[in-house]
Structures are given as structure tokens and as C-alpha cells.
Amino acid sequence: MIDSLGGEGTDRIEGLSDGLFAIVLTLLVLQFEVPEVSAGELPGALAEQETLLFSYLLSYLVVGIYWIVHHNLFRNIVDHDRTLLWLNLLFLLSVSFLPYPTEIMGLYGTQFAWTLYAINVVLVGTFLTLVWSYAARSGFTADDVDERTAQLVTIRGLIAPAVFVLSIGVAVVELWLAFFVPILIVPLQWLWVQYYRTDRSDRATNSNGD
């Protein structure tokens, strides 16, 4: 009897993950309802859905980016065991829950709503980072992924969760400003890429020098 649920390949993990991502992206748009108003009142009614549209676009971007990240990570994860399966399921759990706080934030737009939403995104990023970190430490990654590279990728995975944690604190002071805090992810990711390239270049130079 097989009790480890481990082995080579990750096709079934990726298949399940892709299917759930597709469902979540579909569910996000279901929060919209056509206003039951007269034609003259329609523009104003649509304008009232501004926060809902913002939450939808933000969540669509978040889910889309994490689908890409998940895809890229599993290009380098080649084996698995029971623990990795459960960690990936926890990641998918956090992704599948995202439509709920998305709609709450879109309907209410309060500090509590943003906090609930931000915590969900933090969990999404944290669980996916745990998937990668565990796979790297367990030797489930491709041969060309060394320890230093695995560590740097782990750090990169924590950038978005850290920024959303920051946004929770900002929301306490000024809610509208918290909506713009996620933009910080862009320059921080750029800085990580620059450091990663420099680090690889330095290591290649030192290797050639040896």
C-alpha cells in the first residue's frame, strides 16, 4: 500500500491548481449585478460600483500573478511528497477564499474590509512561499537550483505578503492610502531582480576565478 503519496513529477498538482485558479477568476466577476434602475439613473448606479470594480481588478491581478508565480515555481519543482501536497492545498485554500473578502471590500470599503482582504492576500503569498521553501529544503527542486538561489526565491516570495501587512497598518491611519500601498511591490520586485542578477554575476565570476 502506498502511504507516502510521494514520487516524481507534479502534473496532478499543477492540474488541480490550474483548475482552481480558473474557477476563482470566474467567481470574481460574479460579484457584479446589473443595477435595476431606470436608464437615466444607470450612470449614477454604475458609478456607485467604483469600489467593487477596484476590488475586482485588484483581485484579478493578484490571482493572475500568483498563477504565473505558481507555474514558474513548479517548473523547478520536480518531485513531491505528502507534506508538499498538503502545503499546496493550503495555498489553494487561501486562493479559493479570495472572492469572499473581495466582494466584502467592494461592497463596504471599510478599514475592517481592507484588513480582511489584506490578510487573505498575505496568506496566499505565505503559503506559496512555504510550498517553495519546503520543496527546496526537501530536495524536490531541479538540479540547477542551488541553495543560494532557493533562498533568494524564498525572500522574493515574502515581498508581497510584507507589503500587504504594511497596508493594514496604513489603513488604520488613512484608509484610502492603503489602497495604493500594493504599488510598492513593483519597485521592491525590481530591486530584488537587480540584486539577484548581481549575485549570480558575482558567483559566476568567483567560480571562474577559482
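Note that the structure is predicted; figures quoted are calculated from it, not measured.

On to the packing of helix H5 (residues 99–108) against helix H6 (residues 111–137), then. Two numbers describe a pair of packed helices, the interaxial angle and the distance between the axes. Here H5 crosses H6 at 155 degrees, and the two axes come no closer than 8 Å. Relative to H6, H5 is oriented roughly antiparallel. Taken as a pair, H5 and H6 cross one another with a handedness that is left-handed. In contact with Pro101, Thr102, Ile104 and Met105 of H5, H6 contributes Ala113, Trp114, Leu116, Tyr117 and Asn120. Class assignment for the residues of the contact of H5 with H6 results in seven nonpolar, two polar and no charged.

Turning our eyes to something else, we now look at the UniProt feature "transmembrane region" (unreviewed entry) in the chain. Feature annotation in UniProt places "transmembrane region" (unreviewed entry) on residues 12–32, 52–71, 83–100, 112–132, 153–170 and 176–193, given in this structure's numbering. For residues 112–132, the helix share is 100%, the strand share is 0%, and the end-to-end C-alpha distance is 31 Å. The span residues 176–193 is 67% helical and 0% strand by assignment, and the distance between its end C-alpha atoms comes to 29 Å.

Calculation criteria
- Residues numbered from 1 in each chain as written.
- Predicted model: local features only at pLDDT ≥ 70, side-chain atom pairs only at ≥ 80, totals over all residues.
- Heavy atoms only, no water.
- Axes fitted to C-alpha atoms, helices over the stretch in contact; angles between N-to-C directions.
- Helix = DSSP H or I, 4+ residues; strand = E, 2+ residues; numbered from the N terminus.
- Parallel < 35°, antiparallel > 145°, perpendicular 65-115°, else oblique.
- Left-handed = near helix turned anticlockwise from the far one by under 90°.
- Contact = heavy atoms within 4.5 Å.
- Nonpolar A, V, L, I, M, F, W, Y, C, P; charged D, E, K, R; others polar.
- UniProt positions renumbered as here; feature names shortened; annotations may be inferred.

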